[in-house]
Each structure stands twice: as C-alpha cells, then as structure tokens.
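The residues making up each chain are set out below.
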Amino acid sequence: MKPRVGQTLASTVDETAVIVVRAPDADVRITCGGAEMCDTRDKAAVTGVPDPTQADGTLLGKRYADDELGLELLCTKPGQGTLAVDGRPLPVKAAKALPASD
C-alpha cells in the first residue's frame with residue numbers, strides 16, 4: 001500500500017486507528033498486531049486477534065515514526081496491537097526539546 005498524508009488507517013485485529021502525518025514515496029506494509037491495516041472506508045468489523053508477539057499496544061495521541069522511511073502516524077484510537085512497517089515495530093516519536101528560557 002502507498003499511504004497518503006491525511007489517510008486514516010484502521011486495524012483489523014483490534015480497535016487501533018491512525019492518521020498518516022508523513023508518507024514515504026514507496027509502497028510499504030503497515031501492520032498492527034501482525035495484520036495489515038486498511039483504509040477506514042474499507043474496514044468492516046474486527047476480524048481477528050493481535051499476534052501475541054506483537055501486542056505491546058498503541059497509545060492515544062502519540063506519534064509513531066520511522067525517520068529513515070519518512071513515515072509518521074498519529075494514533076487516534078488506542079488498541080492492543082503493535083504498529084509496524086515492513087515487519088519493523090514503529091517506535092513512539094520523542095518530543096522535541098524546547099529551548100531554555102533563561
């Protein structure tokens with residue numbers, strides 16, 4: 001799948017939903033709990049359970065990013081599955097440090 005900025009993706013194994021904030025030019029496989037995520041317009045009901053080895057969960061309002069690929073996702077609905085791209089787990093993006101106000 002080639003994600004688009006602003007696209008909403010939903011998990012098929014839990015309640016996780018994300019919005020694409022930054023998208024790479026290449027096709028990537030975005031998964032949650034080991035199952036490929038789908039566009040929310042195409043989503044039916046949850047059809048499975050997350051892979052137990054990929055069930056670290058997602059956190060509401062957190063950004064998950066792969067800077068090498070240029071992919072950033074914003075979690076709009078938390079769930080039990082781990083977000084991953086091309087089989088690699090996506091880490092939570094660290095907040096930028098604010099400059100000191102001395």
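Per-chain numbering applies: the sequence of each chain, read as written, is numbered from 1 onward. Since the coordinates come from a predicted model, pLDDT governs what is reported: local features require at least 70, and pairs of side-chain atoms require 80 or more to be given and counted, while whole-chain, interface and lining totals use all residues. Calculation of side-chain values draws on the structure's entire complement of heavy atoms; hydrogens and water are dropped beforehand.

Participant: Mind showing me how you'd approach the nonpolar core here?
Facilitator: Where a protein is soluble and globular, its nonpolar side chains tend to be buried together. Ranked by internal contacts, the top residues of the largest apolar core, which has 14 residues, are Val 18, Ile 30, Met 37, Leu 73, Leu 83 and Leu 90. For the purposes of this entry, the term helix denotes a DSSP run of H or I that reaches at least four residues, the term strand denotes a run of E that reaches at least two, and both are numbered from the N terminus. Among the secondary structure elements, those contributing two or more residues to this core are strand 2 (17–22), strand 3 (30–32), strand 7 (71–77) and strand 8 (83–85). A per-element tally of this core places strand 7 first, with three residues. We call two residues in contact whenever any of their non-hydrogen atoms come within 4.5 Å of each other. Once residues lying within four places of it in the same chain are set aside, the contact partners of Val 18 are Gln 7, Thr 8, Leu 9, Met 37, Leu 73, Leu 74, Cys 75, Thr 76 and Leu 83. We call a set of buried residues a nonpolar core when its members are Ala, Val, Leu, Ile, Met, Phe, Trp, Tyr or Cys and they connect through side-chain atoms within 4.5 Å of each other. Buried residues are those whose accessible area, probed at 1.4 Å on protein chains only, stays under 20% of the maximum for their type, while exposed residues exceed 50% and partly exposed ones sit between those limits.

Participant: I tried to follow the sheet that holds strand 2 on my own but got confused; where do I start?
Facilitator: Backbone-to-backbone hydrogen bonds join strands into a sheet, with any given pair of strands oriented parallel or antiparallel. A sheet is described by the order of its strands in space; here five strands give the open sequence 5-1-2-7-6, paired in antiparallel fashion. Strands at the two margins of the open sheet, each flanked by one partner only, are strand 5 (38–39) and strand 6 (63–66). Across three bridges, the pairing between strand 1 (residues 8–10) and strand 2 is antiparallel. When the sheet's bridge partners are listed, Leu 9 is paired in strand 2 with Val 18. Two strands qualify as a pair provided DSSP detects at least 2 bridges between them.

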